[in-house]
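Notes for the structure review
Here is what each chain is made of, one letter per residue.
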Amino acid sequence: MRQFLIRRFFFSIVTLITATLVVFTLSRLSGDPLLLYAKPGGYGVLPAQVEALEQKLGLDKPLVFQYFIWLGQVVRGDLGNTLLSESPVTSVIGDKLGPTIKLGLAAWVFAVVLGVPLGVFSAVKRGTFLDYLGRGFALFGQALPVFWIGIMAILIFAVNLEWLPSGTLPSHEPLSVQWKHFVLPTIALGWLPAAVYVRLTRSAMLEVLDSEFVKLARAKGVRGQTIIWKHALRNALIPPITVSALVMASFLEGSVVVESVFSWPGLGRQAVESIFNNDFPLLTGIVLLFAVLYVVMNIIADLLYVVVDPRIRLN
């Protein structure tokens, strides 16, 4: 276990360094970064001011030194300031991270609670109406676009029926009011992962239910519910756990489509706005946060393998 953790920590550091290299290289390939701060075209920027800005940003040094200066600032948590409001990038990301985490956790719980049991029932009741229902849900869940689900949910439940609000998050309101704003974005964001959980859980359960140890348990007279939920499901959870790492990371980084449709004040929508505004420091900070989340979630998934299936040895 210790060797595995050391090895994964080393590879995680290499992955993060590679991500910083890619982000920094793309920032320089897109053009002179000085143009983002001092735009030409008669705005009264004097050559002396341009030179002072180059020294301040370290642009007067070779490209390799620029990378290490920028990397040192990133390690210290200094991601610079945004171009529009000139606010610290870390504070902007911190303000948007809270709504994204709340929505991501709600969507993940919705996907797991709906997808995993439906996949189990579909495998156990193979060939019955419940099986076809689960397979149909998985088919439509993966075929329907997320933006279409969000728009249709707003049209039906917010516009026509007026049961739920169409989006946004009133942070100043109490939780008794906020929960209504979570319903439609949570369903739209968790619909596709729930369909993926159904297919993965069903396939894994069918394979486990046909294995020899399940047949032996049945021959020994073990109760059917015990076989399904204690023995079979535990051995079938490896594929869903693997997908959960990617699903959870994508939720925490913010779904661009869902947050744009529902005007959700999260990281996904903020990333889109930073692209349209050419706010490169803010976009860089968000991309780096995405890379860290994916690395951390993959490590957590590897550790959960041992908890679910003790036969796995991380050596």
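Notes on the structure in this doc start here. (Residues numbered from 1 in each chain as written. Predicted model: local features only at pLDDT ≥ 70, side-chain atom pairs only at ≥ 80, totals over all residues. Heavy atoms only, no water.)

**Overview of the overall build of the chain**
For the chain, the helix and strand inventory stands at 14 helices and 0 strands. Shown N-terminal to C-terminal, the secondary structure of the chain runs as helices and strands in the order α-α-α-α-α-α-α-α-α-α-α-α-α-α. Each of the 315 residues in the chain was classed as buried or not, and the buried ones make up 37%. Considering only contacts within the chain whose residues lie at least 6 apart along the sequence, 74% involve residues at least 24 apart. Carbon and sulfur atoms make up 67% of the accessible area of the chain, which amounts to about 17900 Å² in all. (Helix = DSSP H or I, 4+ residues; strand = E, 2+ residues; numbered from the N terminus. Buried < 20%, exposed > 50% of the residue type's maximum accessible area, 1.4 Å probe, protein only. Contact = heavy atoms within 4.5 Å. Areas by Shrake-Rupley, 256 points an atom, 1.4 Å probe, with all protein chains shown as cover.)

**Section: a nonpolar patch on the surface**
Taken together, the side chains of Leu-155, Ile-156, Phe-157, Val-159, Leu-161 and Trp-163 present a nonpolar region at the surface, about 550 Å² in accessible area. Here Leu-161 is to be found in the loop between α7 (146-160) and α8 (175-209). (Patch = residues over 30% accessible without salt bridge, like charges linked within 9 Å, V, L, I, M, F, W, Y side chains within 5 Å. Salt bridge = Lys/Arg side-chain N within 4 Å of Asp/Glu carboxyl O.)

**What to know about the packing of helix α9 (residues 212-219) against helix α10 (residues 224-236)**
Put simply, α9 and α10 touch, their axes get as near as 11 Å, and they point 170° apart. In terms of axis orientation, α9 runs roughly antiparallel to α10. Across from Phe-213, Val-214, Ala-217 and Arg-218 in α9, the residues of α10 making contact are Ile-227, His-231 and Asn-235. Residue composition of the contact of α9 with α10, by class: 4 nonpolar, 2 polar and 1 charged. (Axes fitted to C-alpha atoms, helices over the stretch in contact; angles between N-to-C directions. Parallel < 35°, antiparallel > 145°, perpendicular 65-115°, else oblique. Nonpolar A, V, L, I, M, F, W, Y, C, P; charged D, E, K, R; others polar.)

**A word on the layout of surface pockets**
In this model, the second largest pocket occupies a volume close to 290 Å³. If you trace the second largest pocket, you find 17 residues lining it, with Val-74, Leu-79, Leu-288, Leu-289 and Val-292 closest to the centre. Of all the secondary-structure elements, those providing two or more residues to the lining of the second largest pocket are α1 (2-29), α4 (63-75), α5 (89-124) and α14 (280-308). (1 Å grid on protein atoms, 1.4 Å probe; cavity = no way out; pocket = protein on both sides within 12 Å on 5 of 7 lines; lining within 4 Å. Points joined across faces, edges and corners; volume = space filled by probe spheres on them.)

**Section: the packing of aromatic side chains**
Scanning the model with the defined rule gives 6 aromatic pairs in all. Between Phe-10 and Phe-11, the aromatic rings sit 5.7 Å apart at their centres with planes inclined by 65°, giving edge-to-face as the arrangement. Classification of Phe-10 as exposed rests on a relative accessible area of 52%. (Phe/Tyr/Trp six-rings, centres within 6.5 Å; stacked < 30°, edge-to-face > 60°.)

**Focus on the pattern of salt bridges**
Overall, the coordinates contain 4 salt bridges when judged by the stated rule. One salt bridge in this structure joins Asp-131 and Arg-202, with 2.9 Å as the shortest N-O distance. Residue Asp-131 is found in helix α6 (residues 129-143), and its partner Arg-202 is found in helix α8; the two are separated by 71 residues along the sequence. By the burial criterion, Asp-131 is buried, and Arg-202 matches it. Connected through shared salt-bridge partners, Asp-131, Arg-135 and Arg-202 make up one network.

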